[in-house]
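If you want the building blocks of each chain, they are given just below.
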Amino acid sequence: MSTPYSAALPIARVVLKILIVLNWLWGAAILALLVVMPNEQWIMSAFDLTPSPETERLVMGMRAIAVLGLAVVPLSYVVFKRLLAIVDSVRAGDPFVATNASRLQAIAWALLVLQLLSLVIGAIAKALSTPAHPLNLDAGFSINGWLAVLLTFVLARVFAEGALMREDLARTV
Amino acid sequence: MAIAVKLDDLLHDRRMTLTELADRIGITLANLSILKTGKARAIRFSTLDAICRELACQPGDLLRFEPGPEEA
């Protein structure tokens, strides 16, 4: 029964560990953009922009997006770290515990906030985008994203019920 | 829990140890200890059947309802 999952779990574990590192690197990169290189002229030359009120607005908007992008880092960390702990508990042969239910609940809330952030980032990008300087970001409303939020909340409840049932079974003589 | 398990009394009356009973009915000593100490949440009919058969008693001799404060 466990054979089909024998490869999936180690792969998931490695992928999650890589994602945790990449997430921190992503955070460091955004932080560097915000702190080390705040020079407006640098940004304008990098994007081949000419100084004007419109481009200033664009730069401000991009900074706001970068700040929101920074907020994504700890939220993604919550998701990856807790998912890694769930994977480890499955490998240890004891996944139906109350801790995993709370982990899934935390993941669901993090995914919800990530979706809200994506909406805000998408709205900013749309407001900034002009025919001359189109800003195409992979952000905004995503039916799959919201479905994932719903699915995770439901799974958290399923795990909570499963943990209770397992506890009952463990104390059945 | 308002249900009290009288396994200790039954074993005492029959001069039998928990380990002996566990061996005779094929249930682990750990599980039987859970039952004896009242920490069990449920008991299988098969377990009840095996205990009653071995100790020549009725389920009512093993389990007793003792009203007390309700569990949260």
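These notes cover the structure that comes with them. (Residues numbered from 1 in each chain as written. Chains lettered and ligands numbered in written order. Predicted model: local features only at pLDDT ≥ 70, side-chain atom pairs only at ≥ 80, totals over all residues.)

1. What about the packing of helix H2 (residues 18–25) of chain B against helix H3 (residues 29–36) of chain B?
Residue and element names in this part refer to chain B.
Piece 1. As a packed pair, H2 and H3 sit with axes 9 Å apart at the nearest point and diverge in direction by 120 degrees. Compared by their axis directions, H2 and H3 come out oblique. Our pair here, H2 against H3, has a crossing hand that is right-handed. Here Leu18, Thr19, Leu21 and Ala22 of H2 come into contact with H3, specifically with Leu29, Leu32, Ser33 and Lys36.
Piece 2. By residue class, the composition of the contact of H2 with H3 is 5 nonpolar, 2 polar and 1 charged. (Axes fitted to C-alpha atoms, helices over the stretch in contact; angles between N-to-C directions. Helix = DSSP H or I, 4+ residues; strand = E, 2+ residues; numbered from the N terminus. Parallel < 35°, antiparallel > 145°, perpendicular 65-115°, else oblique. Left-handed = near helix turned anticlockwise from the far one by under 90°. Contact = placed C-beta atoms within 7 Å. Nonpolar A, V, L, I, M, F, W, Y, C, P; charged D, E, K, R; others polar.)

2. Some thoughts on the nonpolar core
For soluble globular proteins, the rule of thumb is that nonpolar side chains tend to be buried together.
Piece 1. Val79, Phe80, Ala101, Leu104, Ile107, Ala108, Ala110, Leu111, Val149, Ala156 and Phe159 of chain A together form the largest nonpolar core, which totals 11 residues.
Piece 2. Those elements that provide at least two residues to this core are helix H3 (53–91), helix H4 (98–128) and helix H5 (143–170) of chain A.
Piece 3. Tallying contributions element by element places H4 of chain A first for this core, with 6 residues.
Piece 4. Apart from the residues within four sequence positions on either side, Ala101 of chain A is in contact with Ala156, Phe159, Ala160 and Ala163 of chain A.
Piece 5. Within the second largest apolar cluster, 8 residues are counted, among which are Val173 of chain A together with Leu7, Leu21 and Leu32 of chain B. (Core = buried A, V, L, I, M, F, W, Y, C linked by C-beta atoms within 7 Å. Buried ≥ 20, exposed ≤ 12 C-beta atoms within 10 Å, placed from the backbone.)

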